[in-house]
Structure formats: C-alpha cells, structure tokens
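Residue-level listing of the chains:
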Amino acid sequence: MQLKLMIPMLNVSNIRHSLEFYQRALGFEVVSDQAAVDQWQWATIRSGKTEIMLSQTESAGQLKSGIDPQQCTDWPTIFYFYPNDVAALYQHICAEGYQPTDLVDTHYGMREFSLQDPDGHMLSFGEALNRA
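The following paragraphs examine the structure supplied in this document. Owing to the predicted nature of the structure, the values given are computational and were not obtained by experimental measurement.

Cut-offs applied
Throughout this document, residue positions are counted from 1 along each chain, in the order its sequence is written. Local features in this predicted model are restricted to residues of pLDDT 70 or higher, and side-chain atom pairs are both shown and tallied only at a pLDDT of 80 or more, whereas totals for entire chains, interfaces and linings draw on every residue. Side-chain numbers come from the whole structure's heavy atoms, not from hydrogens or water. Two strands pair under a simple rule: DSSP has to find at least two bridges between them. Numbering goes from the N terminus for both helices and strands, where a helix is a DSSP run of H or I of at least four residues and a strand is a run of E of at least two. By definition in these notes, contact holds between two residues if any of their heavy atoms fall within 4.5 Å. A fitted line through C-alpha atoms represents every axis, and for helices the fit uses only the stretch in contact; the resulting angles, taken between N-to-C directions, go from 0 to 180 degrees. To estimate the expected span of a helix, count its residues, drop one, and scale the result by 1.5 Å. Partly exposed describes any residue whose relative accessible area lies between the buried limit of under 20% and the exposed limit of over 50%, with all areas from a 1.4 Å probe on protein chains only and scaled to the type maximum. This arc is taken over the directions from the axis of the helix to the C-beta atoms. In protein, a polar contact means a hydrogen-donor-capable atom and an acceptor-capable atom, both N or O and within 3.5 Å, with residues adjacent in sequence counting only if both atoms are side-chain atoms; elsewhere, any N or O pair within 3.5 Å suffices. Salt bridges, as used here, are contacts in which a Lys or Arg side-chain nitrogen is within 4 Å of a carboxyl oxygen on Asp or Glu. Here the nonpolar core consists of buried residues drawn from Ala, Val, Leu, Ile, Met, Phe, Trp, Tyr and Cys, with membership extended through side-chain atoms lying within 4.5 Å.

**A few points about the sheet that holds strand 8 (residues 122-128)**
- Read from one edge to the other, the open sheet built from four strands follows the order 5-8-7-6, with strand pairing classed as mixed. Only two strands of the sheet have a single neighbouring strand rather than two, namely strand 5 (78-81) and strand 6 (104-105).
- Together, strand 7 (110-116) and strand 8 form the strand contacts of helix 1 (residues 15-26), whose direction differs from that of strand 8 by roughly 20°.
- Helix-sheet contacts for helix 3 (residues 86-95) involve strand 7 and strand 8, and the interaxial angle to strand 7 is about 30°.

See the structure below:
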C-alpha cells in the first residue's frame, strides 16, 4: 500500500483573513465551493500542484509568532514550498507589505526565506542553488 496524496489542513482563527493572506501573498486560488466557506468556515486552496485546506476553529492561533526558523529548532511544523522563482516570490511578498525573513543562500545549497501566516503557521520557500 502507498499513500497517493497529502493535503495539509491548517486550523485558522478567521477563514476570510486567511484566504486573503494566501491569495494576496502567495497567489492561491479558492477551489472549494463558496458555500463551504460561508457555511462551514472551510476552504481548499490551490497554487499549481500545491493544495492546502483551511478550517476555522476555536483552537487556532496558539502558535508563537515572530520566530526565525533559521535560529529556532523547536518549531512544531514547517511547511516547505518549492516555488518556480523564490526571489520573485520574495519580492512580491515584500511589495505586498508582508515581512518575511531574509532571503538567504544556505550551506545546504538552497536559496530560501520564511513567512508566518496570520495564525503563526511557518511557511518556508526554497529553490536549489545552481552551483557549478
């Protein structure tokens, strides 16, 4: 037996605020029915081949904010994304007024940065460095 697919479901404190963040900052589109958002406070969003489910719950919002994953190793979960152009995404996020960590070249061969969503979920973005 093999697993076919994994779609993380993130607990969020405000579905509409989270949808605005994921659409504006990262270009996600809502693919679930609008009735699900309105009635159940739940949505599936997609960008390319990447999907995430968001579910508004009372238990959301308990994550620490302002933590740099480059300096802190006790983060419960980090969602790592591979955009087609990490530098362009970084510039877009900054232009939208969000405050990610610095875009850095790592010792393990990646160019990456991180950003927390409105509920403190850590989102990291990376691209392999082309080293000759």
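**Thoughts on the sheet that holds strand 4 (residues 50-56)**
- With respect to topology, four strands assemble into an open sheet ordered 1-4-3-2, the strand pairing being mixed. With partners counted over all chains shown, the strands left at the sheet margins are strand 1 (9-12) and strand 2 (29-30), one partner each.
- Note that strand 1 and strand 4 share four bridges and pair parallel. Within strand 4, the position partnered with leucine 10 by the bridge is leucine 54.
- Running at roughly 155° to strand 4, helix 1 makes contact with strand 1, strand 2, strand 3 (42-47) and strand 4 of the sheet.

**Observations regarding helix 1**
- If you check helix 1, its first and last C-alpha atoms are 16 Å apart, about what twelve residues at 1.5 Å a residue would give, namely 16 Å.
- For helix 1, the set of buried residues is Ile15, Ser18, Leu19, Phe21, Tyr22, Ala25 and Leu26. One side of helix 1 carries all its buried residues, which in axial view fall inside an arc of 160°.
- The N-cap residue of helix 1 is asparagine 14: its side-chain oxygen and the backbone nitrogen of arginine 16 are 3.1 Å apart.
- Positive phi shows up at glycine 27, right after helix 1, with a value of about 75°.

**Re the pattern of salt bridges**
- Tallying each qualifying case throughout the model produces five salt bridges.
- Salt-bridge contacts for arginine 16 lead to aspartate 38; the nearest nitrogen and oxygen are separated by 2.7 Å. With a gap of 22 residues between them, arginine 16 in helix 1 and aspartate 38 in helix 2 (residues 34-40) connect regions that are remote in the sequence.
- Of the residues examined, aspartate 38 reaches a relative accessible area of 40% and is grouped as partly exposed.

**Examining the nonpolar core**
- The biggest cluster of nonpolar side chains holds 25 residues, and the ones touching the most others in it are Phe21, Tyr22, Leu26, Ile52, Leu54, Leu123 and Phe125.
- For this core, the elements supplying multiple residues, two or more each, are strand 1, helix 1, strand 3, strand 4, strand 5, helix 3, strand 7 and strand 8.
- Not counting residues within four places of it along the chain, the set of residues in contact with leucine 26 comprises Phe21, Ser47, Leu89, Ile93, Leu123 and Phe125.

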